[in-house]
Amino acid sequence: IRNKNNIAITLPPNKESAFELMSKVKKLCYELENKNYNFIIQPHPNLNFSKILSLLELKKLPKNLSISNEKIHELLRKCFFNISMSTGAAYDAVLCGNIVFNLESELELANNYLDIFDDNFPLVNSLSIESIRNILLKFKQDSKNIANYIEEFHRLRNYLIKGMNVVNDLHLSKFKLD
């Protein structure tokens, strides 16, 4: 059952990006501690996550932050939101019906796996952690604020499911040699 208070944090395989994402999420957890949001970390299987926790001095997690050992799709189906950076898991999140916030990196330029869709789906743009916080607070103030996000990510999900480049004569003609 999907919970509107659950936010999946899908970590990338790159340790620098994972550290940047976790350091910002740690701050967000404390700022939204009393707003009933649950942040659930999904470590990448190729990442030494305990080292990231150690570097962030997170011996004890904030009360609204937990670590999942579930398969990624199981976790995403329980969450309403996803925060990601530099990971293809953003596609999994969209396909599982999540609203995805791509955290803007201060270190990498190519950190948003969904930005190829930003012409038709502007809500996939990268956001600062402050912008994500403000959006989540707006959702708590009035649930009507979320309607645009639900609609846009539903459209993106359908677009991905139907296929971005359906095989047909028109698309195949682009590969013909004259």
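Report on the accompanying structure. (Residues numbered from 1 in each chain as written. Predicted model: local features only at pLDDT ≥ 70, side-chain atom pairs only at ≥ 80, totals over all residues. Heavy atoms only, no water.)

**Structural notes on helix α1 (residues 15-31)**
Next, step 1: Between the first and last C-alpha of α1 there are 24 Å, a value that for 17 residues agrees with the 24 Å anticipated at 1.5 Å per step.
Next, step 2: The set of residues buried in α1 consists of Ser 17, Ala 18, Glu 20, Leu 21, Met 22, Lys 24, Val 25, Leu 28 and Cys 29.
Next, step 3: The residue sitting at the N-terminus of α1 and contributing the capping side-chain oxygen is Asn 14; that oxygen lies 2.8 Å from the backbone nitrogen of Glu 16. (Helix = DSSP H or I, 4+ residues; strand = E, 2+ residues; numbered from the N terminus. Expected span 1.5 Å × (residues − 1). Buried < 20%, exposed > 50% of the residue type's maximum accessible area, 1.4 Å probe, protein only. Polar contact = N/O pair within 3.5 Å; in protein donor to acceptor, adjacent residues only side chain to side chain.)

**Focus: the nonpolar core**
Next, step 1: Formed by 50 residues in total, the largest nonpolar core has its most connected members in Ile 9, Phe 39, Phe 81, Ile 83, Phe 101, Leu 136 and Phe 139.
Next, step 2: The greatest single-element share of this core, amounting to six residues, is contributed by α1. (Core = buried A, V, L, I, M, F, W, Y, C linked by side-chain atoms within 4.5 Å.)

**Quick notes on the pairing of strand β4 (residues 79-84)**
Next, step 1: Within β4, six of the six residues are buried, which leaves the element mostly enclosed by the surrounding structure.
Next, step 2: A crossover links β4 with its parallel partner strand β5 (residues 99-103), the connecting element being helix α4 (residues 89-95), and its sense is right-handed. (Right-handed = clockwise from strand over helix to strand, strands pointing away.)

**So, the packing of aromatic side chains**
Next, step 1: In this structure the tally under the stated criterion is nine aromatic pairs.
Next, step 2: Ring geometry for Phe 81 against Phe 139: centres 5.7 Å apart, planes inclined by 10°, an arrangement best described as stacked. You can see Phe 81 sitting in strand β4 and its partner Phe 139 sitting in helix α5 (residues 129-141), a full 58 residues away along the chain. You'll find Phe 81 and Phe 139 in the same group, each marked buried.
Next, step 3: Pairing Phe 139 with Tyr 149 gives two aromatic rings, centres 5.2 Å apart and planes at 80°, and the pair type is edge-to-face. Pair noted here: Phe 139 is in helix α5 and Tyr 149 is in helix α6 (residues 147-162), with a separation of ten residues, a long-range link. You'll find Phe 139 and Tyr 149 in the same group, each marked buried.
Next, step 4: Grouped by ring-pair contacts, the aromatic residues Tyr 37, Phe 80, Phe 81, Phe 101, Phe 139 and Tyr 149 constitute a single cluster.
Next, step 5: Lys 140 extends its terminal NZ or CZ atom over the ring of Tyr 37, reaching a point 4.5 Å from the ring centre. (Phe/Tyr/Trp six-rings, centres within 6.5 Å; stacked < 30°, edge-to-face > 60°. Lys NZ or Arg CZ within 6 Å of the ring centre and 35° of its normal.)

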